[in-house]
Each structure stands twice: as structure tokens, then as C-alpha cells.
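# Summary of the model geometry
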Amino acid sequence: MNCSLFNLLFLLFLLITSFSFSHVLADSHFEGFDAEDDETIEEEILDHHSIRSPPVSRSNSQPLTDLGTPTDPDPDFVPASDTPPQSELQKPSTISFEYWDEDEFEGLPAEQPPPEPVKDTENATPDDPDPKTTSKSQGATVSKKSFTLEIVCGSFLIVFAFNYFTGKRENENLALAWAAKFATKGSIFEKNFSLLGVGEGEDSPLLLKEGQTVFKFYATGRRYCQGLLATMELKSRHDLISRLFNLVVPCKDEITFEVYMNDEAMDQVIFAVAKKKAAKGMQKEVRDLQRFAGLMTNPSGRKWVVDDLSVISESKEVAGDLITEAVLEQVFGDKAYEKYGKNFISMQFSDQHPGMHRKMLVFKFALPDANNMADITRLVALVPYYIDLVGRYKLSSQARSKTETARVKAAQEAHKELKNARQEALQRKKAEKKKMLEEAEAKLSAEAVRKREAKERARQMKKAMPKMKMTRA
Amino acid sequence: MSHNNNSMSANDPRQPSAAKPYVAQPVAAQDLPVDYSGFIAVVFGIAGVMFRYKLSSWLAIIFCAQSLANMKNVENDLKQISMAMMFAIMGLVTNYFGPARPGTQS
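Just so we're clear, the structure is a prediction, and the values are computed from it rather than from any experiment. (Residues numbered from 1 in each chain as written. Chains lettered and ligands numbered in written order. Predicted model: local features only at pLDDT ≥ 70, side-chain atom pairs only at ≥ 80, totals over all residues. Heavy atoms only, no water.)

## What to know about the overall build of chain A
In terms of helices and strands, chain A carries 17 helices and 10 strands. Taken over 473 residues, chain A has a buried fraction of 38%. Pairs at least 24 apart in sequence give 63% of the contacts found in chain A among residues at least 6 apart. Accessible surface computed for chain A: about 28,600 Å², of which carbon and sulfur atoms make up 58%. (Helix = DSSP H or I, 4+ residues; strand = E, 2+ residues; numbered from the N terminus. Buried < 20%, exposed > 50% of the residue type's maximum accessible area, 1.4 Å probe, protein only. Contact = heavy atoms within 4.5 Å. Areas by Shrake-Rupley, 256 points an atom, 1.4 Å probe, with all protein chains shown as cover.)

This is how it looks when you write it as C-alpha cells:
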């Protein structure tokens, strides 16, 4: 579907933007910064050790020279001499602070503030880089960790889960509203078909749910046709990403009616009605329309469908017979189309339908929302009307001769294609068999060669042997 | 409505005798639409694990959720989705609780 292709483009766009972000947030910058800090800390610790030893030696020498002096200096020095040996046992950081600040590491406190202003300015930039910079900043500083990414993604997931259940219910309600209008007791399909629903018996469920967006309704037991399958393909309301996407690229709820006509009921009719642009595409793409029918010009001198729509048909006569007065009055005429025809997408009758069943009528309408289900009443009424019309319709002899020749040609071509396909398959099989045989022979011949060689050696050995035997004998 | 069932008048189009029960047409495995969101989830998950990129792991989780929401056939699709989920969760765990890079906070 077009929706999924656009989905893919959207996702590719996301990929590209996310990888462009990665360039902005190269981690190496901050790794380098952090690594440098680690190194500077380690260097400082090493320097503390080297600096401590000279003062220890100095303090030890001094008390010896000053023992003769009054006691005051002694207590000063004794504790001084005592503390250095103890200090070696203590943690280096406590004493080293004093030496840092005085001698060589005056710049260190100044270094702490600059990283903080840098962080603050970076916090002002867009949200996504934030958690990166703050979470990777110096562990020693009090980090302002912002959980922006986590909050955004977590909330998106919560909204996604919430939307799943509401969207699911919305789709179900829409399908049930349709079924309540057209498939329950006293409705149009109940009056037209004897067996409704996919199960057996009276209480069979009317709708079959295949996934969150696809609902099927089956009806059978009517003259001229084997059955009718209505498939509702709804918007992906349960998927938040698709829903956001459909805000940009509009999508519609669709219902497709497929009527399987009986072989004897349907004559050779290939006919389609669709909106102008869509009709051109249909005529080129759909195989049977392409081969047998062409776009029809509006006939003059009689009432015809609205200009919005165009008709594809094999012959004008057939088209004229199928677009009856009643239909024009009810749905396709100028007046009626404005009111009732808006939800019409396309309609296609074919007795050469590609696929399993040959003779099919296919109707496609857009579904209105649950409250306005009555809008498509007249369109749905087209379905049984056309089943009867096409079921009773017989081609005139002129029309039949034209259609007959075209179909005979098509049948012959199809037959030829089948033959060719079968021949190709046979040839392929033969070629494969030949290859297999050749490989087997090659293997055999290799083995045979080995055997021959072995035999020859054996013979030579035997030739060598008999002389011995003869001598013994 | 019951009298309609009994009468075989020309006006009543129904033919109970002609009723054919519904046969679900099997869809070949190749015809199934490609699970784009699952594939993208795997790509983002692997990127998140390899490059230690948190945004990528979170996006992988989001696309896994989308793939789960769109899953039609429980048996077949669950395997790929669970693989994508594994990658995404692994990515998140290594990003948040794994061995921290030097100087980074986990």
C-alpha cells in the first residue's frame, strides 16, 4: 500500500537525522577532557610523595642542631618531626593540600570554575545533546543530570501504549457500526443472503478480525453468485507512528466488496467505473482491463455519469446497458453524485479476473465514520442491484462476437505461455539430470582411475612375486 | 422475516441451498507485507549496542513497540520481534548499567 511506502521514507529520514546527530555528539571530545583530568589528578598525587620527603629530612636535621636552644623550638620541631613520619602513614591528600596551595598548585582551584560555566552554556543548547554532556562530565563536580531523553522516550512509549488501546477500540467500533447498519437483522445483506458470517449456524460471528485494521464479512446463499466477501481496511489508528504519519499523508478507511459470480450467471463482461485519474491507472495496470477494455468516451445524446468519473469498457453497448437509468438517478447522475457519490472509489466487473476466481464483481467504497454510516447506504445498495443485473444480462450477438474473438485470442496466448513454461521446466530438469550424471561419471572415473592404478601396482607386485615362488617350487 | 425464508418468490434473492461456507484463503509467506518497523528496530538496536548511543537504543524500543502493535500472525512474527527487542534491551542495559567509559557516568 502507499501508506507503508511513505512509512519507510519517514523511517529513513529518522535514520539520517539520528546519524547526523551522532556527528554533533562525538563522544571523544569529552573522553579526552575526562582522561586529561584523570591524568592530572594522578600527577598531583605523585608530586605529593616527591615533595614530602625533602621537608622530612630538613625537620630531622634541625632538632639536632637546636637541642641547645630553649625548649620552645623543640616542641615545635618535635611535633614537626613526629608528624612527617606519621603523615607518611596518613592519607596523602590531607598534608598534600597544604603544599599544593602554597607552592605549585595555586592554579588548581581556578581550574574548577571554568568547567562549570562551560557546562552551563552547553545546557542551554537543544535538549538532545544535554544528557550526553552532563552525564559525561567530571564525576568530582556535582553533575546536573538531565533525563530529557529518557523522559521524552518514556512518555512517548506510554502515549503509544495508551493510543494502541484507544485506536484498537475505535477501529472495532467502526467495523461494528458498519455491521450493525448493513449486516444485522433486517439489513440489506440479511435480506439478500441466507447465510451471513464466517462460522456455521445461527450464532456465527458476523465479522472476522485479521489484525487491528482488517475486518472481513462473508455472506453467501444467493442466486447468481457463490458468495460475497467484504473486506474493511481501516487506518492504523492503533499505531501512533502511523497515525502521526497520516496527519501528513492522508489515508482513508476503505471497504471492498468481492462478489464471486457463478459461471453460468455472468456473461462476457469487462467493465469498470472509477474516478478519472484512478481510471487511467487502473486501465494500465489491471491485467484484464488492459487487455480487453479501453477508456470510454462519454456518449452523446444520453444521460451519463458525472464528469468526475470515467468508464472503462469493452464496448459502448455493454457500458450503456450496465449504466442504467436507475443507477444514474440514484448514485452516478449529476444530482445524486454530489450527495451520495462522495464515498465511491471504484467498481469493476470482470469475467477474466486474475486470481483464483474468474468471474468477479469488485466494489470499492470509502467508509465514513461510525456516526455517519448511513451515508453509504445507496452505494451498498448498488451491490445486490448489480449482482442481479449482471446475473441476468445477456450480450447481444454483435457484442458477443467481438468479445468472443478477443477472449479466444487471450485463451490461446495463455495456453502458449503455459506450454512454453512447461517446456522450459522440462529442459531445466533435463539439464540438471545431465549435470548430475556427468558429476557422477567424473567421480566414478576418478575412482576407476584409482582402481586401475591400484590394480596395476598389484599386478606389478605379483609379477615381482612369482619369480620367488618359482624358485621355491 | 421468517415468511421470507419459506417463500421462494422471485422477489426473494436468497438461496439457502446455494450457500458455500467461508474458506479462508491462505496467504503465502512471501506475499506478506515486509515488516519495515521490525527491521528498522533491529538496525537501531545494533547501532545502539555497538556505538553506545542511547538515542539509538530508545528508538529501537519505540520501533519494536510499533512492530508489536502491527503484528498479525503471532507465531511467525514474534521471533523476529523478540530478536529486535533483545537487541534494544541489551543496548539500553549496556548504555546505562554497563562498564562506564572513563569519566562517564553510567
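## Regarding the UniProt feature "transmembrane region" (unreviewed entry) in chain B
Residues and elements named next belong to chain B. Mapped onto this structure's residue numbering, the UniProt feature "transmembrane region" (unreviewed entry) falls at residues 36-53 and 81-98. Each end of residues 36-53 is marked by a C-alpha atom, and these two atoms are 21 Å apart; helix forms 89% of the span and strand 0%. When the span residues 81-98 is considered, its composition is 89% helix and 0% strand, and the gap between its end C-alpha atoms is 24 Å. (UniProt positions renumbered as here; feature names shortened; annotations may be inferred.)

## Topic: helix H11 (residues 276-285) of chain A
Residue and element names in this part refer to chain A. Within H11, the full set of buried residues consists of Ala 279, Met 282 and Gln 283. Buried residues of H11, seen end-on, are gathered within an arc of 95° and therefore sit on one face of the element. Of the exposed residues in H11, the ones pointing more than 90 degrees away from its buried face are Lys 277, Lys 280, Lys 284 and Glu 285. Buried residues in H11 make contact with strand E6 (270-275), helix H12 (287-292), strand E7 (294-295), strand E8 (309-313) and strand E9 (344-350). (Arc of directions from axis to C-beta.)

## Describing the packing of aromatic side chains
Tallied over the full model, the rule gives 20 aromatic pairs over all chains. Seen in terms of ring centroids, Tyr218(A) and Tyr22(B) are 5.0 Å apart; in terms of plane orientation they differ by 50°. Their pairing is tilted. With Tyr218(A) in strand E3 (residues 214-222) and Tyr22(B) in the loop between helix H1 (2-6) and helix H2 (36-51), this pair bridges two chains. Taken individually, Tyr218(A) and Tyr22(B) each receive the classification buried, so the pair is uniform in this respect. Consider the rings of Phe363(A) and Phe365(A), whose centres lie 6.3 Å apart with planes at 45°: the pair is tilted. Over the ring of Tyr340(A) we find Arg378(A), and its NZ or CZ is 3.9 Å from the ring centre. (Phe/Tyr/Trp six-rings, centres within 6.5 Å; stacked < 30°, edge-to-face > 60°. Lys NZ or Arg CZ within 6 Å of the ring centre and 35° of its normal.)

## Digging into the pattern of salt bridges
Residues and elements named next belong to chain A. Summed over all chains, the structure comprises 15 salt bridges over all chains. Ionic pairing is found between Arg 407 and Glu 314, a salt bridge with its closest N-O pair at 3.1 Å. In this pair, Arg 407 sits in helix H17 (residues 397-472) while Glu 314 sits in the loop between E8 and helix H13 (316-322), placing the two residues 93 residues apart along the sequence. Classification of Arg 407 by relative accessible area gives buried; the value is 6%. Notably, a salt bridge pairs Glu 453 with Arg 457, separated by 3.7 Å at the nearest N-O pair. Within this pair, Glu 453 and its partner Arg 457 are both found in helix H17, separated by four residues, close to a single helical turn. Taken together, the salt bridges that share partners define one network made up of Glu 170, Arg 237, Arg 243 and Asp 253. (Salt bridge = Lys/Arg side-chain N within 4 Å of Asp/Glu carboxyl O.)

## Some remarks on the nonpolar core
Grouped burial of nonpolar side chains is what soluble globular proteins tend to show. Counting residues in hydrophobic clusters, the biggest one holds 61 residues, and the most contacted among them are Trp178(A), Phe257(A) and Phe349(A). Excluding residues within four positions of it along the chain, Phe349(A) makes contact with Met266(A), Val269(A), Ile270(A), Phe271(A), Leu322(A), Met360(A), Leu361(A), Phe363(A), Tyr386(A) and Val390(A). Counting 25 residues, the second largest nonpolar core, distinct from the first, contains Ile40(B), Tyr53(B), Phe63(B) and Ala84(B). (Core = buried A, V, L, I, M, F, W, Y, C linked by side-chain atoms within 4.5 Å.)

## A look at a negative patch on the surface
All names here are of chain A. Together, Asp 307, Asp 308, Asp 334 and Glu 338 make up a region of like negative charge exposed at the surface. Assignment of secondary structure puts Asp 308 in the loop between E7 and E8. Judged by its relative accessible area of 45%, Asp 308 is partly exposed. (Patch = residues over 30% accessible without salt bridge, like charges linked within 9 Å, V, L, I, M, F, W, Y side chains within 5 Å. Lys, Arg positive; Asp, Glu negative; His and termini not counted. Charge placed at Lys NZ, Arg CZ, Asp CG, Glu CD.)

## Some words on the packing of helix H14 (residues 325-332) of chain A against helix H16 (residues 377-392) of chain A
All names here are of chain A. Contact pair H14 / H16: the axes reach a minimum separation of 10 Å and the direction vectors enclose 160°. The angle between H14 and H16 falls in the class roughly antiparallel. Handedness of the H14/H16 crossing: left-handed. Every residue of H16 that contacts H14 at Ala 326, Val 327, Glu 329, Gln 330, Val 331 and Phe 332 is listed here: Arg 378, Leu 379, Leu 382, Tyr 385 and Tyr 386. (Axes fitted to C-alpha atoms, helices over the stretch in contact; angles between N-to-C directions. Parallel < 35°, antiparallel > 145°, perpendicular 65-115°, else oblique. Left-handed = near helix turned anticlockwise from the far one by under 90°.)

## Comments concerning a positive patch on the surface
Taken together, Lys451(A), Arg452(A), Lys455(A), Arg459(A), Lys462(A) and Lys463(A) make up a surface patch of like positive charges. Note on placement: Lys463(A) falls in helix H17.

## Topic: the pairing of strand E2 (residues 207-210) of chain A
Residues and elements named next belong to chain A. The sheet contact formed by E2 and E3 spans four bridges and is antiparallel. Following the sheet pairing, Leu 208 is matched in E3 by Lys 216. In this structure, the hairpin formed by E2 and E3 is closed by a connection of three residues, where Gly 211 is found at a positive phi of approximately 85°. (Pairing = 2+ DSSP bridges.)

## Regarding the environment of Ser396(A)
Mapped onto the secondary structure, Ser396(A) falls in the loop between H16 and H17. Taking the C-alpha atoms as reference, Ser396(A) lies 9.0 Å from Val318(A); in sequence the two are 78 residues apart.

## Thoughts on the packing of helix H8 (residues 148-182) of chain A against helix H10 (residues 240-248) of chain A
All names here are of chain A. Direction vectors running N to C along H8 and H10 enclose 80°, while the axes themselves pass 9 Å from each other. When the axis of H8 is compared with that of H10, the two are roughly perpendicular. Contacts from Phe 156, Val 159, Phe 160, Asn 163 and Glu 170 in H8 reach Leu 240, Ile 241, Arg 243 and Leu 244 in H10. Looking at the contact of H8 with H10 residue by residue, the class counts come to six nonpolar, one polar and two charged. (Nonpolar A, V, L, I, M, F, W, Y, C, P; charged D, E, K, R; others polar.)

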